[in-house]
Amino acid sequence: DGYIEGNGYVVSWCIGHLVALADADMYDEKYKKWSLDTLPIIPSEWQYIVSADKNKQFNILKKLMNSKDVDEIVCATDAGREGELIFRLVYNQAECKKPFKRLWISSMEESAIQKGFENLKDGTDYDNLYQSALCRAKADWIIGINATRLFSRLYNRTLNVGRVQTPTLAMLYERENNIGSFKKEKYFNVHLKADGLDAVLEKVKEQSEAEKVKSDCNGKTANVVSVKREQKTVNAPRLYDLTTLQREANRLYGFTAQQTLDYTQSLYEMKLVTYPRTDSQFLTDDMEATATEIIDIVLDKIPHFSGYSFIPDVLKVLNSKKVSDHHAIIPTAELGSVSLDEVPDGEKKILFLIANKLLCATSDKYVYETVTAEISCGGYSFTAKGRNNVSDGWKSVEQRFKSYQKCKDEDEEEITSFSFTEGDSFTVTSDVSEHFTQPPKHFTEDTLLSAMERAGTDEITEEVERSGLGTPATRASIIEKLTKSGFIKRETKNLIVTDSGKDLISVMPDIVKSAALTAEWENSLSLMAQ
């Protein structure tokens, strides 16, 4: 009941944050009423509470930690800032004084866990990480409590203000404004068509002018004046961190960021993938053999790679310097012993995505040739563009995956090959198409996650991990919180600001709306942890 015992160990768990910072009204009765004259509220001595619904588990932990049979504790929470905080708050609240060690692992494979236990660190080695986590929690409390009360009283309605959710809402609001104020303009393209050719004279302002070009060229001879060929190389993509996985799952499957996190967490608990809440796209230098073994399992196990053979270049996904708390998300060796029929559909889609990315990342470069031809007809100059594949490389892996999953990437360009050479001439037909300039697109979860990741990072110094707004672990919940608070809503894949959201942003000062504050904090917190 609340723990497992055996082999001289007792193993127990937290349920998320068991211990939290107490609410303002726990400090003084006067804070029960939200009033402007009690602000700002900045505790000199911080108080902590055990969440009411988690009391039972906390009491189990407290009893175990202080049991006379226990002589040492091992902290085995997530290897990161929040994981450290979760353990320390419980340890302190239970008034435990026993020595503790730290298990620091980022894979749930048995070999990784055993290796971690063979290399336990002294718990106090992570004091600075704990201090940075505690500082982050207190600072968020100060902004959240004071700003929420201030703006709610000023505008006579509950306005929840948060250091991360408010700038996120501000980005959505600014995009909506840009879309709303956009003035579309009409233009015309004139096309020359011949066998396998579509050459274009673009952005003619007046329809009468476009019609004149069309009549001057229709049925006439066109000449290829010049052909420019350029070879381009696209390196293999990196492995997934949580944000890139959430973005691609949104684009290909329409999953929300929260759904993707839930499915990946479920796969992690089935021991089929490594730790999901990571911001790294590399593996550590000691994982060459593991990665090679897992690639063999993927080729054997995932149906659309059946019969596919290639020699993986594993070294390019290894870089310990670019791994912070956790390495990139990859399948585990457990994949070899599970029946895929037992994996639910949502989880299976994510598993296939992760397996596919491991093969793509260790494949060769994709090489193609762009062709731009200038074509003359009736005294006008038209342009035709084409693209010829030179070496498919990692693209062949991706194509297998997409055709098996029957998913299309909306951002993918259509490829047209081009076989004409300089001096060729042919008879063409001509027509005119009508177009409008396009406003910026609404944010989807894919593009919002990308914007959150980049927000404010220009202001971060070199030696600090660039983290943007929120962390990989919290971005999904921020989007969900904004939705549940009624500040944004989903329309198909688009995220739209509601009237309540617009009201909130219009009254917020820049310091609260800007991502710069978060960037500055992350800078300080990382330096503190280091």
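Just so it is clear, the structure is predicted and the values come from calculations on it, not from any experiment. (Residues numbered from 1 in each chain as written. Predicted model: local features only at pLDDT ≥ 70, side-chain atom pairs only at ≥ 80, totals over all residues. Heavy atoms only, no water.)

Some thoughts on the confidence of the model for the protein chain
Piece 1. Here the protein chain averages 90 in pLDDT, and 95% of its residues register 70 or above.
Piece 2. Averaged pLDDT values for the elements of the protein chain fall to 84 in helix 16 (residues 516–529) and rise to 98 in strand 5 (residues 73–75). (pLDDT = per-residue confidence, 0-100. Helix = DSSP H or I, 4+ residues; strand = E, 2+ residues; numbered from the N terminus.)

Points about helix 1 (residues 55–65)
Piece 1. Of all the positions in helix 1, only Q57, F58, I60, L61, L64 and M65 are classed as buried. One side of helix 1 holds all its buried residues, which, seen down the axis, span an arc of 160°. Of the exposed residues in helix 1, the ones pointing more than 90 degrees away from its buried face are K56 and K63.
Piece 2. Structurally, helix 1 contributes buried residues whose contacts are with strand 1 (3–6), strand 2 (9–12), strand 3 (19–21), strand 4 (48–50), strand 5 and helix 2 (81–93). (Buried < 20%, exposed > 50% of the residue type's maximum accessible area, 1.4 Å probe, protein only. Arc of directions from axis to C-beta. Contact = heavy atoms within 4.5 Å.)

Regarding the pattern of salt bridges
Piece 1. Counted under the stated rule, the structure contains 27 salt bridges.
Piece 2. Of the charged contacts in the structure, one is a salt bridge between E434 and K186, with a shortest N-O distance of 3.8 Å. In this pair, E434 sits in strand 14 (residues 429–436) while K186 sits in strand 8 (residues 186–194), placing the two residues 248 residues apart along the sequence.
Piece 3. Exposure remark for E434: the relative accessible area of 44% places this residue in the partly exposed category.
Piece 4. A relative accessible area of 40% means that K186 is categorised as partly exposed.
Piece 5. The partner of E445 in a salt bridge is R490, and the shortest N-O contact between them spans 2.7 Å. Placement of the pair is E445 in helix 12 (residues 445–454) and R490 in strand 15 (residues 488–491), with a sequence separation of 45 residues.
Piece 6. On the basis of relative accessible area, E445 is assigned to the buried category, the value being 2%. (Salt bridge = Lys/Arg side-chain N within 4 Å of Asp/Glu carboxyl O.)

So, the packing of helix 4 (residues 127–155) against helix 16
Piece 1. Contact geometry for helix 4 and helix 16: axes closest at 8 Å, N-to-C directions at 155°. With respect to helix 16, the element helix 4 is oriented roughly antiparallel. Handedness of the crossing formed by helix 4 with helix 16: right-handed. Only L517, W521, L525, M528 and A529 of helix 16 make contact with helix 4, whose side of the interface consists of N128, L129, Q131, S132, C135, R136, A139, D140 and I143.
Piece 2. Broken down by class, the residue content of the contact of helix 4 with helix 16 amounts to nine nonpolar, three polar and two charged. (Axes fitted to C-alpha atoms, helices over the stretch in contact; angles between N-to-C directions. Parallel < 35°, antiparallel > 145°, perpendicular 65-115°, else oblique. Left-handed = near helix turned anticlockwise from the far one by under 90°. Nonpolar A, V, L, I, M, F, W, Y, C, P; charged D, E, K, R; others polar.)

Quick notes on the pairing of strand 1
Piece 1. Where strand 1 meets strand 2, four bridges bridge the pair, whose relative direction is antiparallel. Within the sheet, the bridge partner assigned to G6 lies in strand 2 and is Y9.
Piece 2. Taking the residues that link successive antiparallel strands as the turn, the strand 1-strand 2 hairpin has two residues, and the phi of N7 there is positive, at about 55°. (Pairing = 2+ DSSP bridges.)

Let's talk about the packing of helix 9 (residues 288–301) against helix 10 (residues 345–361)
Piece 1. As a packed pair, helix 9 and helix 10 sit with axes 10 Å apart at the nearest point and diverge in direction by 120°. Between helix 9 and helix 10, the crossing angle belongs to the class labelled oblique. Remark: the crossing between helix 9 and helix 10 carries left-handed chirality. Here I294, I295, V298 and L299 of helix 9 lie close against helix 10, whose contacting residues are A355, L358 and L359.
Piece 2. Residue classes in the contact of helix 9 with helix 10 are distributed as seven nonpolar, no polar and no charged.

Re helix 10
Piece 1. Between its terminal C-alpha atoms helix 10 stretches 24 Å, which fits the 24 Å expected from 17 residues at 1.5 Å a residue.
Piece 2. Counting buried residues in helix 10 gives 14 out of 17 residues, a clear majority hidden from the surface. (Expected span 1.5 Å × (residues − 1).)

Considerations on the packing of aromatic side chains
Piece 1. The full count for this structure, using the stated rule, is 15 aromatic pairs.
Piece 2. By way of ring pairs, the aromatic residues Y27, W46 and W141 are connected into one cluster.
Piece 3. For the cation-ring pair, R175 lies above F443, with the distance from its terminal atom to the ring centre recorded as 4.1 Å.
Piece 4. The ring of Y187 carries the charged tip of K203 above its face, separated from the ring centre by 5.3 Å. (Phe/Tyr/Trp six-rings, centres within 6.5 Å; stacked < 30°, edge-to-face > 60°. Lys NZ or Arg CZ within 6 Å of the ring centre and 35° of its normal.)

Overview of the nonpolar core
Piece 1. In terms of nonpolar packing, the biggest core is built from 53 residues, with L283 and L353 touching the most fellow members.
Piece 2. The dominant element in this core, judged by the number of residues it contributes, is helix 10, at 10 residues.
Piece 3. Not counting residues within four places of it along the chain, the set of residues in contact with L283 comprises L239, A291, V317, L318, N319, S320, V323, H327, A328 and I330.
Piece 4. Listed in part, the 31 residues of the second largest apolar core include L21, F100, W141 and I145. (Core = buried A, V, L, I, M, F, W, Y, C linked by side-chain atoms within 4.5 Å.)

Describing the environment of I330
Piece 1. Counting through the fold element by element, I330 comes out in the loop between helix 9 and helix 10.
Piece 2. Taking relative accessible area as the criterion, I330 reaches 0% and is therefore assigned buried.
Piece 3. With 145 residues separating them along the chain, I330 and E185 place their C-alpha atoms 47 Å apart.

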